[in-house]
2 protein chains.
Amino acid sequence: MSKALDFLTEALRRLPGVGPKSAQRMAFHLLQYDREGAAELSRALYQAVDTVHHCAKCNTFSDTTVCDLCMDESRDTALLCVVETPADQLMIEQTLTYKGLYFVLMGRLSPLDGIGPKDLHLDKLVTRATDGAVQEVVLATNFTNEGEATAHYISEMLKARGMKVSRLARGVPVGGELEYVDAGTIARAMLDRRST
Amino acid sequence: MSKALDFLTEALRRLPGVGPKSAQRMAFHLLQYDREGAAELSRALYQAVDTVHHCAKCNTFSDTTVCDLCMDESRDTALLCVVETPADQLMIEQTLTYKGLYFVLMGRLSPLDGIGPKDLHLDKLVTRATDGAVQEVVLATNFTNEGEATAHYISEMLKARGMKVSRLARGVPVGGELEYVDAGTIARAMLDRRST
Ligand SMILES: [Zn+2]
Ligand SMILES: [Zn+2]
């Protein structure tokens, strides 16, 4: 009936977890009940693609070359915490127990998905960790199989370069994803972190 | 970290069925793995809001004043089938058993959601059904409580104006939504439609 509607339904399927029926319902909802929301989402997508880059220091999403947190001079430059995603970083920030800096992998090693060390840009992490200021790297990847394998790989890589490396204590439930763990558990795991 | 990312995450929550965690994951996926998809979705939304209107005759979404189906001179102008949504209309078209025209309500009567006869623009349906060409109105709203109530309301409204009104036969499972019913069942229900 409407080519523009078909185009929108197709485009909505680019979203993760959205199948043909969901896409159809979303398109219907937006056009019938929330055209203002559709226009706002259009602008937000355009702006994000145009504006959001990776922080030159910590690799997280940022609108500026170096993100606010990396620019914050009150943070402890001797500590570098490695996390998988910005959501994980946010969880750790919310515990208020960590005052160091971060490196955000934007993923994890996942051989089944074809994500190896090069895809994760681990060379960027090595450069960052060996800048002379960092004294300890805290590995805070998830306690899933892939997160553990990623922590192990990074640990070996950095220890071979003489770095001190620690891992969050296993207060985080085995198999658990940081994003879904309460702040208190993460806070204790941070305090109990152990060398690897 | 990124205002543009926060803005995008907020905007994604305007989609039906998308909560804060889903929105965060969608934003991450688009920016990390599919910026082209994000740009395409932005364009599709803009174009849809700009282009998609309601067909002046059948009320469905259309890029033109009157939609292609309503313009098709091979259709039987004596039959008018009333459906809730464009998806329902598509299901009926796929049965290849109906050659008449349509009126798409774009919803259903739903007192609990505050959707009454005025919100459904039933006056537009009355005008369409009483154009002189239509001989029979086939009610193909869903066989849910709200769909049945909508069919009953429209039936009384049109019969009071002397129209012949029929309802899809109950080959469609009770409580079933057309969109999820197989084409064969709908085809039989169309052939067995009864007067109301
Ligand atoms: Zn940064
Ligand atoms: Zn039409």
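Rules used in this analysis
- Residues numbered from 1 in each chain as written.
- Chains lettered and ligands numbered in written order.
- Predicted model: local features only at pLDDT ≥ 70, side-chain atom pairs only at ≥ 80, totals over all residues.
- Heavy atoms only, no water.
- Axes fitted to C-alpha atoms, helices over the stretch in contact; angles between N-to-C directions.
- Helix = DSSP H or I, 4+ residues; strand = E, 2+ residues; numbered from the N terminus.
- Parallel < 35°, antiparallel > 145°, perpendicular 65-115°, else oblique.
- Contact = heavy atoms within 4.5 Å.
- Nonpolar A, V, L, I, M, F, W, Y, C, P; charged D, E, K, R; others polar.
- Donors = N, O, S within 2.8 Å, 3.2 Å for Na, K, Ca; no water.
- Tetrahedral: all angles 85-135°; square planar, octahedral: opposite > 155°, others 65-115°.
- Buried < 20%, exposed > 50% of the residue type's maximum accessible area, 1.4 Å probe, protein only.
- Salt bridge = Lys/Arg side-chain N within 4 Å of Asp/Glu carboxyl O.

**Q** Sorry, what's going on with the packing of helix H5 (residues 86-95) of chain B against helix H8 (residues 183-191) of chain B here?
**A** Describing two packed helices takes the angle between their axes plus the distance from one axis to the other. Residues and elements named next belong to chain B. Contact geometry for H5 and H8: axes closest at 9 Å, N-to-C directions at 85 degrees. The pairing of H5 with H8 is recorded here as roughly perpendicular in orientation. On H8, the residues that touch Met 91, Ile 92 and Thr 95 of H5 are Ala 183, Ile 186, Ala 187 and Met 190. Grouping the amino acids of the contact of H5 with H8 by side-chain chemistry returns six nonpolar, one polar and no charged.

**Q** Where do I start with the coordination of the zinc ion (ligand 1) in this structure?
**A** When a metal holds four donors in a tetrahedron, each ideal angle between them is 109.5 degrees; when it holds six in an octahedron, the ideal angles are 90 or 180 degrees. Residue and element names in this part refer to chain A. The protein atoms that coordinate the zinc ion (ligand 1) are Cys 55 (SG), Cys 58 (SG), Cys 67 (SG) and Cys 70 (SG), at distances of 2.3 Å. Every donor counted, the four donor atoms about the zinc ion (ligand 1) form angles of 105 to 117 degrees at the centre, which fits tetrahedral coordination. Binding-site remark: the zinc ion (ligand 1) is held by donors from one chain whose sequence spacing is C-x2-C-x8-C-x2-C. Among the residues examined, Cys 67 registers a relative accessible area of 1% and is labelled buried.

**Q** Teacher, can you tell me more about the pattern of salt bridges here?
**A** Following the criterion strictly, the structure yields 14 salt bridges over all chains and no others. Linking Arg14(B) and Asp34(A) is a salt bridge whose minimum nitrogen-to-oxygen distance equals 3.0 Å. With Arg14(B) in the loop between helix H1 (3-12) and helix H2 (20-33) and Asp34(A) in the loop between helix H2 (20-33) and helix H3 (35-51), this pair bridges two chains. Between Arg167(B) and Glu148(B) there is a salt bridge, and its shortest N-O distance comes to 3.2 Å. Here Arg167(B) is found in strand E6 (residues 164-167), whereas its partner Glu148(B) is found in helix H7 (residues 145-159), with 19 residues between them in sequence.

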